[in-house]
Amino acid sequence: MEEDILRRFIFEEFGVRGEWVKLSNSWQNAKFNQHGNAIVQETLGQALAAAVLLSATIKFKGSVIMQAQGDGVFRTLVAQATHDRKIRGLVRHTGEVQSGHLESMFGEGRLVLTIRPDNADPYQGIVPLKGANLAVALQTYFVQSEQLDTRLWLFANEQVAAGLLLQELPEHKDFKTDWERIVILADTLTAPELLNLDCEPLLHRLFHEEKVRLFDAEPVRFECSCSKQKIEYALRTLGPQELEHLLEAKGAVEVGCEFCNKQYRFDRIDVQKLLADKLSAYRVDTDTQH
């Protein structure tokens, strides 16, 4: 069984590329600290599978962050995947989420896709959070923001999250008949097939009459990017007065990561050191400018 794997493929005779992903252990680890009923969990699994597929479309080091927000019972859904296939996600809801279209779960909302290169400014695309599921909303994003025909199939259950992506290549945008034929074949895909079959037998089942070139597997794993250094930076931005208020109220500043539930605690000595380090950095910067 192929698990925690991304595989890319291309149709050699058509201008269509594809990706397949199956998450198992990485899915279990990513959802361990995220609570909700089966609908919430399955939606998070679909989002994480989608994030991995989208991360494979970027050509640089960085990450893709998919965020769905609304005013319904399901308030927030975040899925992140890096260029080297590290994933994490979180969910926030105010009650029992019922199965249905995105509008019935999230209410009035929007889907934000952020591409964050490691060495450049991030950029975003925003579309309404509408449609039968996340796959439909993401297809709308690609049509509006990228002007590329794209189709996704996303499924998840308690054990596995999986996804399939097909996308036309920019230089073959006029080959509509080929694209439509491939999509018709892919639309016969069922949830059990995507969740249970490995990549090669799945592609053979769908496209056995086509010439498909399959690339090497890329491993996927759960890994949270939180760190003490990042928390310290965030605390410095609060300023001395706010930090002192937190110390007086609780005796320490405690911060928990929403993705992995790791806890960070800073007592008065830690906070004083933070502020002293910030002041030292400011003085060095000022001296350098003069």
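Small disclaimer: the values here were computed from a predicted structure and weren't measured.

Calculation rules
Residues numbered from 1 in each chain as written. Predicted model: local features only at pLDDT ≥ 70, side-chain atom pairs only at ≥ 80, totals over all residues. Heavy atoms only, no water. Pairing = 2+ DSSP bridges. Helix = DSSP H or I, 4+ residues; strand = E, 2+ residues; numbered from the N terminus. Buried < 20%, exposed > 50% of the residue type's maximum accessible area, 1.4 Å probe, protein only. Polar contact = N/O pair within 3.5 Å; in protein donor to acceptor, adjacent residues only side chain to side chain. Contact = heavy atoms within 4.5 Å.

Colleague: So what exactly am I meant to see when it comes to the pairing of strand E13 (residues 253–256) here?
Modeller: It is a general feature of regular strands that their side chains alternate between the two faces of the sheet. Inspection of the sheet shows E13 paired to strand E14 (residues 263–266) by four bridges, in the antiparallel sense. Bridge pairing links Val-255 to Tyr-264 in E14. Between the end of E13 and the start of E14, which pair antiparallel, lie six residues, with Asn-261 showing a positive phi angle near 70°.

Colleague: It is not clear to me how the pairing of strand E9 (residues 161–168) should be interpreted in this structure. Could you clarify?
Modeller: Most of E9 is tucked away, with eight of its eight residues classed as buried. The alternating pattern of E9 places Ala-161, Gly-163, Leu-165 and Gln-167 and Ala-162, Leu-164, Leu-166 and Glu-168 on opposite faces, both of which are buried. Bridge count between strand E2 (residues 16–23) and E9: eight bridges; the pairing is antiparallel. Bridging from a neighbouring strand, Lys-22 pairs with Ala-162 of E9. Of the strand pairs in this sheet, strand E8 (residues 150–156) and E9 are connected by seven bridges, and their pairing is antiparallel. Bridged to Leu-154 within E9 is Gly-163.

Colleague: Can you help me understand the side chain of Thr-82 in this one?
Modeller: If you trace the backbone, Thr-82 turns up in strand E4 (residues 74–82). Here the side chain of Thr-82 touches Asp-84 through a polar contact of 2.4 Å, side chain to side chain. When residues no more than four places from it in sequence are discounted, the contact partners of Thr-82 are Ser-55, Gly-62 and Ser-63.

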